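Here is how the chains run, residue by residue.
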Amino acid sequence: MKNEAFSNLVEGYRHFRNNYLSEQYVAYRLWATKSQKPRIMMIACSDSRVNPVILTHAGLGDVFMVNNVANLIPPYKEGKDTHHSTSSALEFALTELEVEEIIILGHSQCGGIKALMNDINKTASGTYSFIEPWVQIAAKAKEKVQSNYPECSHAEQTTLCEKEALLVSLENLETFPWVKSALEQGKLRTHAWYFDIGSGDIYEYNVDKACFLPLLDME
Ligand SMILES: [Zn+2]
């Protein structure tokens with residue numbers, strides 16, 4: 001059986017390998033001799049259309065990356081009884097790498113937010129074991145959108161919730177002690193970005209104006 005998508009990946013790797021010794025990768029190969037030291041951390045959705053490294057033309061070694069369903073950050077919660085994937089990545093990024101910027105990248109047509117908005121807790125084959133409780137991290141965003149925009153259609157509310165959920169994650173970010181202290185010491189900045197897949201536009205949340213503005217206008 002030939003899987004074209006898989007073959008394309010291998011071809012892509014062939015291209016990478018052929019260029020690996022070129023100047024383009026000199027900087028990266030320097031990192032191979034020492035520990036990584038990315039200055040930026042990004043938390044993005046697992047969605048296959050939203051790849052931060054492609055979107056920003058970041059190089060190897062530039063971005064410490066986390067992908068999860070709906071790019072959510074849970075609140076800080078101690079406990080050894082559960083598996084805190086995103087929280088452990090945050091801990092490493094702050095306490096070891098000491099990243100200077102954290103960008104949470106949301107996007108349009110997010111399946112995770114759609115699941116939250118549609119109360120999807122069942123599939124044809126049974127019940128979601130993990131997705132339903134996971135997306136509840138953004139339950140507050142859903143409630144806010146439904147109570148503030150009752151006149152909007154369900155589709156419009158879902159889009160609003162994609163953005164509102166980013167603000168919940170920003171808020172949760174500050175519940176982590178090392179994030180809070182890095183922010184207080186001026187060593188860290190946090191950002192919420194929203195990528196519109198259809199137009200290719202990225203918007204950043206502006207705290208002072210309390211709205212999302214085009215990223216390229218903010219530079
Ligand atoms: Zn998504």
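Coordinates for the structure precede this section.
Residues numbered from 1 in each chain as written. Predicted model: local features only at pLDDT ≥ 70, side-chain atom pairs only at ≥ 80, totals over all residues. Heavy atoms only, no water.

A.B. asks: I'm lost on the environment of Ala-58 in this one. Help?
C.D. replies: Its location among the elements puts Ala-58 in the loop between helix H3 (52–56) and strand S2 (63–68). Residues Ala-58 and Gly-111 lie 53 residues apart in sequence; the distance between their C-alpha atoms is 25 Å. When sequence neighbours within four positions are dropped, the list of residues in contact with Ala-58 reads Val-53 and Val-63. (Helix = DSSP H or I, 4+ residues; strand = E, 2+ residues; numbered from the N terminus. Contact = heavy atoms within 4.5 Å.)

A.B. asks: Help me understand the nonpolar core, please; the structure alone is not making it clear to me.
C.D. replies: Across soluble globular proteins, nonpolar side chains show a tendency to be buried alongside one another. Met-41, Leu-90, Leu-94, Val-99, Ile-102 and Leu-173 are the most contacted members of the largest nonpolar core, which has 26 residues in total. Of all the secondary structure elements, the ones that give two or more residues to this core are strand S1 (40–45), S2, helix H4 (85–97), strand S3 (101–107), helix H8 (154–173), helix H9 (177–184) and strand S6 (189–195). Sort the elements by how many residues they give to this core and H4 lands first, with five residues. Within the second largest apolar cluster, 15 residues are counted, among which are Ala-70, Ile-113, Ala-141 and Cys-161. (Core = buried A, V, L, I, M, F, W, Y, C linked by side-chain atoms within 4.5 Å. Buried < 20%, exposed > 50% of the residue type's maximum accessible area, 1.4 Å probe, protein only.)

A.B. asks: For this particular structure, what's the right way to read the sheet that holds S6?
C.D. replies: By way of backbone hydrogen bonds, the strands of a sheet pair with one another, either parallel or antiparallel. Judged by pairing direction, the sheet is mixed, and its six strands sit side by side in the order S2-S1-S3-S6-S7-S8 without closing on themselves. Of all the strands in the sheet, just S2 and strand S8 (211–214) have a single pairing partner and so form its edges. In this sheet, neighbouring strand axes are inclined to one another by 30° on average, regardless of whether the strands run parallel or antiparallel. In this structure, S3 lies alongside S6, joined through seven bridges in parallel fashion. Across the sheet, residue Leu-105 finds its bridge partner in S6, namely Trp-193. Here H4 sits on the sheet in contact with S1, S2 and S3, set at roughly 170° to S2. Relative to S6, H8 is tilted by about 165°, and along the sheet it contacts S3, S6, strand S7 (202–206) and S8. (Pairing = 2+ DSSP bridges. Axes fitted to C-alpha atoms, helices over the stretch in contact; angles between N-to-C directions.)

A.B. asks: Before we go on, may I ask you to explain the pattern of salt bridges in this structure?
C.D. replies: A side chain of one charge can pair with a side chain of the opposite charge if their charged atoms are brought near each other. The full count for this structure, using the stated rule, is seven salt bridges. The closest approach of N and O atoms between Arg-189 and Glu-101, which form a salt bridge, is 3.0 Å. Of this pair, Arg-189 sits in strand S6 while Glu-101 sits in strand S3, and the two are 88 residues apart along the sequence. Residue Glu-101 is classed as buried on the basis of its relative accessible area of 18%. Two residues, Glu-171 and Lys-140, come together in a salt bridge whose shortest N-O distance is 2.5 Å. Taken together, the residues span a long stretch of sequence, with Glu-171 in helix H8 and Lys-140 in helix H7 (residues 139–148) at a distance of 31 residues. By relative accessible area, which is 44% here, Glu-171 ends up partly exposed. (Salt bridge = Lys/Arg side-chain N within 4 Å of Asp/Glu carboxyl O.)

A.B. asks: Which parts of the structure should I look at to understand the environment of Glu-91?
C.D. replies: Following the sequence through the fold, Glu-91 ends up in helix H4. Distance from Glu-91 to Val-179, taken between C-alpha atoms, is 8.6 Å for residues 88 residues apart in sequence.

A.B. asks: What is the right way to read unusual backbone geometry from this model?
C.D. replies: Residues apart from glycine generally show negative phi values, whereas peptide bonds are mostly found in trans. Within the chain, Asn-71 stands out as a residue other than glycine whose phi angle is a positive 45°. Relative to the helices and strands, Asn-71 resides in the loop between S2 and H4. The exposure class assigned to Asn-71 is buried, which follows from its relative accessible area of 5%. A positive phi angle, near 55°, is found at Glu-98, a position not held by glycine. Within the secondary structure, Glu-98 is located in the loop between H4 and S3.

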